[in-house]
Amino acid sequence: MLSCGAGSGGCSKDMAVELGDEPHVLAVDDNLIDRKLVERLLKNSSCKVTTAENALRALDYLGLGNDTLEGTVSEVNMIITDYCMPGMTGYELLKKIKESSVLKEVPVVIMSSENIPTRISQCLEEGAKMFMLKPLKQSDVKQLKWHLMKCRN
Amino acid sequence: MDLVQLQRQFVDYRTSLYHEGFLDEQFTQLQELQDENNPDFVVEVVSLFFEDSERLLNELARALEQQSIDYKRIDAHVHQLKGSSSSIGAQRVQKVCIAFRNYCEEQNVEGCLKCLQQVRHEYSLVKTKLESLFQLEQQILTAGGSIPM
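Bear in mind the structure is a predicted one, so any value in this text is a computation, not a measurement.

**Focus: the packing of helix H1 (residues 32–44) of chain A against helix H4 (residues 71–88) of chain B**
Then step 1. Packing of H1(A) against H4(B) leaves a shortest axis separation of 8 Å and a crossing angle of 35 degrees. Where H1(A) crosses over H4(B), the handedness of that crossing is left-handed. Mapping the contact onto sequence places Ile33(A), Asp34(A) and Leu37(A) in H1(A) and Gly83(B), Ser84(B), Ser87(B) and Ile88(B) in H4(B).
Then step 2. In the contact of H1(A) with H4(B), the residues fall into three nonpolar, three polar and one charged.

Below, the structure written as structure tokens:
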């Protein structure tokens, strides 16, 4: 399995996956309607989707949680998360992912309904690949997929 | 009413919902996400919106009845409602939520109560209108026609 060099700017380490394979995206959002919407948007862009309703569940799924069961860690090619979530925010989730030697190369996208420049720069500085304003549209997700595929190839 | 008349009625009705501000372009986005593989997507998402909104409205009413009002909690609920109404394109509901959040920040109970009443009203209006729209759609499909885009 080839691994991505450090200078490539946040590529998924899953480089050996062939063209035509569906990228696996983990979508994290506490709002049920938004989870359904982002799932459909991503599936329409030929992505495999797993959703999580909060950051802790996302961390468990990624293998970084306290409750992660052995042998259940899943490979994801991208994480898209809401910023405002109860408990751990999307920003805090981003930090945890970037602190992880295993997951820090996985691109993380932050979504928010609020257009706050300091929030946006804070997330980008912490290593978020993109910041997107909600509500998400099909064109936003197409752009996202393009970035993701460009990164992988 | 024949199929062509039904389809015309449907288009006119849908257009009026946009003109009157009940729906915005985000609703169009939802419709565009629906296809042969996901023929019920819009109805599914809107149904989730109805359920979730009703839950939130009840929570809000309860929270505003308390002796000591927890504005943070109220704001959190309104934030949810604002988010979901925005995601489905229920523009008038979303607008009231914005005002509602401002009153929460000011810890203005009168303002909050007024907004709760308004948001309930707008929610009930958009729910009725969307149900009518879906009913018209169903009539068209039953008559063997297709839904005009």
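**Quick word on the UniProt feature "domain: HPt" (unreviewed entry) in chain B**
Then step 1. Within this numbering scheme, the UniProt entry marks residues 38–140 of chain B as carrying the feature "domain: HPt" (unreviewed entry).
Then step 2. Taken end to end, residues 38–140 of chain B is 88% helix and 0% strand, and its two terminal C-alpha atoms sit 18 Å from one another.

**A few points about the UniProt feature "modified residue: 4-aspartylphosphate" (unreviewed entry) in chain A**
Residue and element names in this part refer to chain A.
Then step 1. Within this numbering scheme, the UniProt entry marks Asp82 as carrying the feature "modified residue: 4-aspartylphosphate" (unreviewed entry).
Then step 2. Here Asp82 shows up in strand S3 (residues 78–82).
Then step 3. A relative accessible area of 5% means that Asp82 is categorised as buried.
Then step 4. Beyond its immediate chain neighbours, meaning those up to four positions away, Asp82 contacts Val28, Asp29, Asp30, Gly90, Met111, Ser112 and Lys134.

Parameters and conventions
- Residues numbered from 1 in each chain as written.
- Chains lettered and ligands numbered in written order.
- Predicted model: local features only at pLDDT ≥ 70, side-chain atom pairs only at ≥ 80, totals over all residues.
- Heavy atoms only, no water.
- Axes fitted to C-alpha atoms, helices over the stretch in contact; angles between N-to-C directions.
- Helix = DSSP H or I, 4+ residues; strand = E, 2+ residues; numbered from the N terminus.
- Left-handed = near helix turned anticlockwise from the far one by under 90°.
- Contact = heavy atoms within 4.5 Å.
- Nonpolar A, V, L, I, M, F, W, Y, C, P; charged D, E, K, R; others polar.
- UniProt positions renumbered as here; feature names shortened; annotations may be inferred.
- Buried < 20%, exposed > 50% of the residue type's maximum accessible area, 1.4 Å probe, protein only.

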